[in-house]
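Secondary and tertiary structure notes
Here are the chains, one letter per residue:
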Amino acid sequence: MQTTVASTPQATPMTQDTQTKEDFFTQRSHFCGDVTADQVSQTVTLNGWVAVNRDLGGLIFIEMRDRSGFFQIVADPEKNPQVHGILSGLKAETVITATGPVTRRPEDTYNPNLPTGEFEIYPTSVEVISRSKTLPFQLDDEADLVDEGLRLKHRYLDLRRPKMHQNFLLRHQVAQAIRNSLNSQGFLEIETPILLKATPEGARDYLVPSRVHPGQTFALPQSPQIFKQLLMVSGMERYYQIARCFRDEDLRADRQPEFTQVDLEMSFVNQEDVLSTVEDLLCQVFSVSGITLEKPFRRMSWQEAMEKYGSDKPDLRFGMEFIDLTDIFTTSEFSAFRQQVEKGGVVKALMVKGAASYSRKELDDLQVMAKRFGAKGLAYIVYNEDGPKSPILKFMSEAEQQAIQQRTGAETGDAVFFAADSFNAACAVLGRFRLLFGEKHNLIDKNRHEILWVTDFPMFEVDDAGNLSPNHHPFTSPRPQDLELLDTDPGKACSLGYDVVYNGAEIGGGSVRIHQRDLQAKIFKLLGLTDEEAHEKFGFLLEAFEYGVPPHGGLALGLDRIVAMLAGEDSIREVIAFPKTNNAACPLTSAPSAPSEEQLKELHMAWVLPEEEAEA
Ligand code: ASP
C-alpha cells in the first residue's frame, strides 16, 4: 500500500539576489521531481545525488535524485566540454548542483516510469558538492536482498532509497493523523519521564545507573502506564503521547528493544468510550493509506476467539472456524480422545477443503509441525473417492465416523484434522494449523482489511503451581460481575482488558483500570506481592489513589507495527529509521559498547562478566 499524498517539501527558491557569495553551493530553485512542463525553457537549479551515471562514449546521462524524485541531466562534449568533463566518471551518490534550461526530451526517449520522464537539462553549469566512494551495496530494489547487517551499518545509504523515503513519509503522515484525531477529541499531548522507577509490563527493564545515588539505578520505561494513570489522578482528563518504550527481551524475531507506542488514557469513561475513541483514531490512520474501516469494529470475546480460531488475535480474512466434536467422544471406545474429554478437555477439528490430495510426505510433515507446536501429533481423516482413510478410523464406531463427517461437512476430496487436549492446548495448536492451512490453500484474501476488538480477557494466567500472573498488567480492572470470583476462583475472572487486532496481528491493547485503592491492593496480593513489596514497588500509586481517583481507561497502539503493515513491510525494522538488529545491537554505531574505566568509577560500578567474555 502506498500513500497518495505528495512528498515534496516546499522549495525555498534561491535567486541570485538571496544567494550570498559566502555560500558553499548554489541552492536549488526546484526539487528534481517537481519539474513539469511549466518549467520548459526556464533555467532551473537542482541539488541532489547522482543516482545513475551512464557514459555512452559521448553523451553522459545522469539521473539526479532528491527526496522528491528523479531528473535527467545530459552532458554533450561538443556543446559544453567543461560540464562534460566535470560529470565524466562521477561516481554514483556524488552530491551535485546542476543549472540549465529545462528542455523536452525527443519523444522516442521519454521515460514513462518517471513523472519527469519527458524532460531533461543540458546544464550550463554543474558543481560537485561532495564526492562519494564506491558504495558497499547498490541502492536499488535489490538492496532488500543485501545482508541486513550491512544495510544497517550504512543505514544512511539504505535510507536514501526511494522506497525507504516512502516508508518514512507514511510514518510521518500516520503520526499526523494520530495527532489530528486525538487533538480534535480533546486530548493533551504530555511527555512522561524516561528515567523512572520500573513499570511492569512483563519484560526485563533496561537499567541506568545513577551517578549521584551510588548503587541505585533508574529503569527506562517499558510503557508510560503508571504516569498516564497519575495524569488522570491529576485531572488531565485525556492524555496521549507518541512514546518510546524499552523492553529488554530475549531474541525474538521482529522485536525491537526500543519501540514506539501511541499511548493514551481517558478519565470518566467506560470501555465503550475508549474503544470508540480509538476507532476514530484508527479510521483516520488507515485512511492515510486509502483504507476505509467500518465503525464500529467487530467485537469478540477472548473466549469466542479461542473457541473458534484458537487465537487471541484471529485473522478474520478467512473462515475455517473450529468445529467442536467433544460430545461425540464422551463415551467413545477411542481412548485417546475419550480420556481428554474425561479430564475436562475438548476435541476440536478443522475441515480443510481439498486436503485429501495431500501426499504421504505432506501428512508426515504436518506431524513434525504438530510436535513443534507442542502437540503429540495431528490426527486426521482424509475423504477419498473410495471413502474415508485414516490410521484412527479403526478405533471409532461407524456412528462416530458419520457424526464427524456430518458435523464437519467434509466431502470427497476434503480432510479433517483433530486436536484432543485441554481447551487452551487444543485451541492453540489448531489455531496454528488454521493459519498454516489458510496460507497453503491461498484462503487469505490479502486485499481484505479485518479489524476487530478482542475483549473480556482472563484477568490472570495461572501456572501449574496455581500462581497467578497478570494477563495484561496489574492495573487492569476485573469486570464488575467478576469481582466475587477474585475471592472464590480468581483464575476464572475476566478483565476489562481489550486488544485491537488487524489481519491477525495485535496492533494495540489496553484496559479499563482499577481506580479503587483497596481493589488495587487486593490484586497485588493475588499476584503474590506482600504488603511490603507492594508498598516498595507501587506505594506512590496506592498513595495517589487515596486522594480522589477518576475512573479511567486507555490503551497503547504499536506504531511501528501499524506503519509496517500499511507500508506492506514484513519487518518493523523497515519503518524505524535506525533500528537495532535482532540481538539488540546497532551495527552503525557499534552500540552497545564498553564504558571507560573512568565512567565505571564515576558510576560506582564494576563488571562481573560471564566467563568466556572475560577471557576474550
Ligand atoms: N501499558 C500497556 C502496554 O504497554 C497499554 C495500556 O494498558 O494502556 O501494553
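The following refers to the structure shown. (Residues numbered from 1 in each chain as written. Predicted model: local features only at pLDDT ≥ 70, side-chain atom pairs only at ≥ 80, totals over all residues. Heavy atoms only, no water.)

Okay, the nonpolar core next. Within the largest apolar cluster, 44 residues are counted, with the highest numbers of intra-cluster contacts made by Leu282, Val285, Phe286, Ile507 and Leu557. Sorting the residues of this core by element identifies helix H4 (162-184), strand S11 (258-267), helix H6 (271-287), strand S18 (451-455), strand S21 (497-502), strand S22 (505-512), strand S23 (552-558) and helix H15 (559-567) as the ones contributing at least two each. In terms of residues, this core owes the most to one element, H6, which gives 8 residues. If we ignore the near neighbours within four places in the chain, the residues touching Val285 are Val174, Ala177, Ile178, Ile562 and Leu566. Formed by 39 residues, the second largest nonpolar core is a distinct cluster that contains Met306, Leu366, Val429 and Phe433. (Core = buried A, V, L, I, M, F, W, Y, C linked by side-chain atoms within 4.5 Å. Buried < 20%, exposed > 50% of the residue type's maximum accessible area, 1.4 Å probe, protein only. Helix = DSSP H or I, 4+ residues; strand = E, 2+ residues; numbered from the N terminus. Contact = heavy atoms within 4.5 Å.)

Attention shifts here to unusual backbone geometry. The peptide bond linking Lys295 to Pro296 adopts the cis configuration, its omega dihedral lying at -10 degrees. Backbone geometry places His604, a non-glycine residue, at a positive phi of 60 degrees. With respect to the helices, strands and loops of the structure, His604 is situated in the loop between helix H16 (597-602) and helix H17 (611-615).

Okay, helix H5 (residues 225-233) next. All buried positions along H5 are accounted for by Gln225, Ile226, Lys228, Gln229, Leu231 and Met232. Within two residues after H5, Gly235 carries a phi angle of roughly 80 degrees, on the positive side.

Around the ligand sit 14 residues in total, of which Glu201, Gln225, Lys228, His473 and Arg513 are the nearest. In the model, a nitrogen atom of the ligand is placed 2.7 Å from a nitrogen or oxygen of the Gln225 side chain. Between the ligand and Arg247 there is a distance of 3.0 Å, counted from an oxygen atom to a side-chain nitrogen or oxygen. For the shell around the ligand, the secondary structure elements donating two or more residues are H5, S22 and S23. Broken down by element, the residue count for the shell around the ligand peaks at 3 residues, all from S23. (Near = heavy atom within 4 Å. Polar contact = N/O pair within 3.5 Å; in protein donor to acceptor, adjacent residues only side chain to side chain.)

Tallying each qualifying case throughout the model produces 16 aromatic pairs. The interplanar angle of 25 degrees and the centroid separation of 6.5 Å between the aromatic rings of Phe297 and Trp453 together place this pair among those described as stacked. Of this pair, Phe297 sits in the loop between H6 and strand S12 (298-301) while Trp453 sits in strand S18, and the two are 156 residues apart along the sequence. A relative accessible area of 3% places Phe297 in the buried class. Centre to centre, the rings of Trp453 and Tyr498 are 5.9 Å apart; their planes meet at 85 degrees, and the pair counts as edge-to-face. Of the two residues, Trp453 is situated in strand S18 and Tyr498 in strand S21; the sequence distance between them amounts to 45 residues. Judged by relative accessible area, Trp453 falls into the buried class, the value being 0%. (Phe/Tyr/Trp six-rings, centres within 6.5 Å; stacked < 30°, edge-to-face > 60°.)

On to the sheet that holds strand S14 (residues 346-352), then. Overall, antiparallel pairing links the 5 strands, which are arranged S13-S14-S17-S15-S16 in an open sheet. On the outer flanks of this sheet lie strand S13 (323-324) and strand S16 (387-389), each paired with one strand and no other. Here strand S15 (residues 379-384) runs beside strand S17 (residues 415-421); their pairing, made up of 4 bridges, is antiparallel. Following the sheet pairing, Ala379 is matched in S17 by Phe418. Contacts from helix H11 (residues 423-440) reach S14 and S17, with the element oriented near 5 degrees to S14. (Pairing = 2+ DSSP bridges. Axes fitted to C-alpha atoms, helices over the stretch in contact; angles between N-to-C directions.)

On to the pairing of S15, then. Of the pairings in the sheet, the one linking S15 to S16 comprises 3 bridges and is antiparallel in character. Counterpart to Tyr383 in the pairing with S16 is Pro388. Once S15 ends, the chain turns through 2 residues before running back antiparallel as S16.

A few words now on the sheet that holds S11. The strand order S7-S10-S11-S23-S22-S21-S18-S12 describes an open sheet built from 8 strands, whose pairing is mixed. Only two strands of the sheet have a single partner each, and these edge strands are strand S7 (188-189) and S12. Sheet topology places strand S10 (residues 238-246) next to S11; 9 bridges connect them, and they run antiparallel. Paired with Arg244 across the two strands is Thr260, which belongs to S11. Contacts from H4 reach S7, S10 and S11, with the element oriented near 150 degrees to S10. Together, S12 and S18 form the strand contacts of helix H7 (residues 302-309), whose direction differs from that of S12 by roughly 85 degrees.

With that settled, consider the environment of Gln72. Summarising the element assignment, Gln72 is placed in strand S3 (residues 69-75). Put simply, Gln72 and Thr116 are 44 residues apart on the chain and 8.2 Å apart in space, counted from C-alpha to C-alpha. Among residues more than four places away in sequence, those in contact with Gln72 are Arg54, Phe61, Ile62, Arg105, Phe119, Glu120 and Ile121. Here the side chain of Gln72 touches Glu120 through a polar contact of 2.9 Å, side chain to side chain.

Time to look at the side chain of Thr45. When you line up the elements, Thr45 lands in strand S1 (residues 43-55). Classification of Thr45 by relative accessible area gives buried; the value is 10%. At 3.0 Å, the side chain of Thr45 forms a polar contact with the side chain of Thr99. In contact with Thr45, other than residues within four places in its own chain, are Thr26, Gln27, Arg28, Ser29, His30, Thr97, Ala98 and Thr99.

Considering all chains together, one arrives at 48 salt bridges under this definition. One salt bridge in this structure joins Arg151 and Glu574, with 3.0 Å as the shortest N-O distance. Pair noted here: Arg151 is in helix H2 (residues 148-153) and Glu574 is in the loop between H15 and H16, with a separation of 423 residues, a long-range link. Here Arg151 falls in the buried class, since its relative accessible area comes to 3%. Across the salt bridge formed by Lys353 and Asp414, the nearest N and O atoms sit 2.6 Å from each other. Residue Lys353 is found in the loop between S14 and helix H9 (360-372), and its partner Asp414 is found in the loop between helix H10 (398-408) and S17; the two are separated by 61 residues along the sequence. (Salt bridge = Lys/Arg side-chain N within 4 Å of Asp/Glu carboxyl O.)

Take a nonpolar patch on the surface next. On the surface, Ile194, Leu195 and Phe218 cluster together into a nonpolar patch covering about 240 Å² of accessible area. Mapped onto the elements of the fold, Phe218 is located in strand S9 (residues 217-219). The class for Phe218 is partly exposed, based on a relative accessible area of 32%. (Patch = residues over 30% accessible without salt bridge, like charges linked within 9 Å, V, L, I, M, F, W, Y side chains within 5 Å. Areas by Shrake-Rupley, 256 points an atom, 1.4 Å probe, with all protein chains shown as cover.)

This brings us to the packing of H4 against H15. Their axes nearest at 10 Å, the elements H4 and H15 cross at an angle of 125 degrees. Accordingly, the angle class assigned to the pair H4 and H15 is oblique. The crossing of H4 and H15 is right-handed. Here H4 contributes Asn167, Leu170, Arg171, Val174 and Ile178 to the contact with H15, which in turn contributes Leu559, Asp560, Val563, Leu566 and Ala567. For the contact of H4 with H15, the per-class residue count stands at 7 nonpolar, 1 polar and 2 charged. (Parallel < 35°, antiparallel > 145°, perpendicular 65-115°, else oblique. Left-handed = near helix turned anticlockwise from the far one by under 90°. Nonpolar A, V, L, I, M, F, W, Y, C, P; charged D, E, K, R; others polar.)

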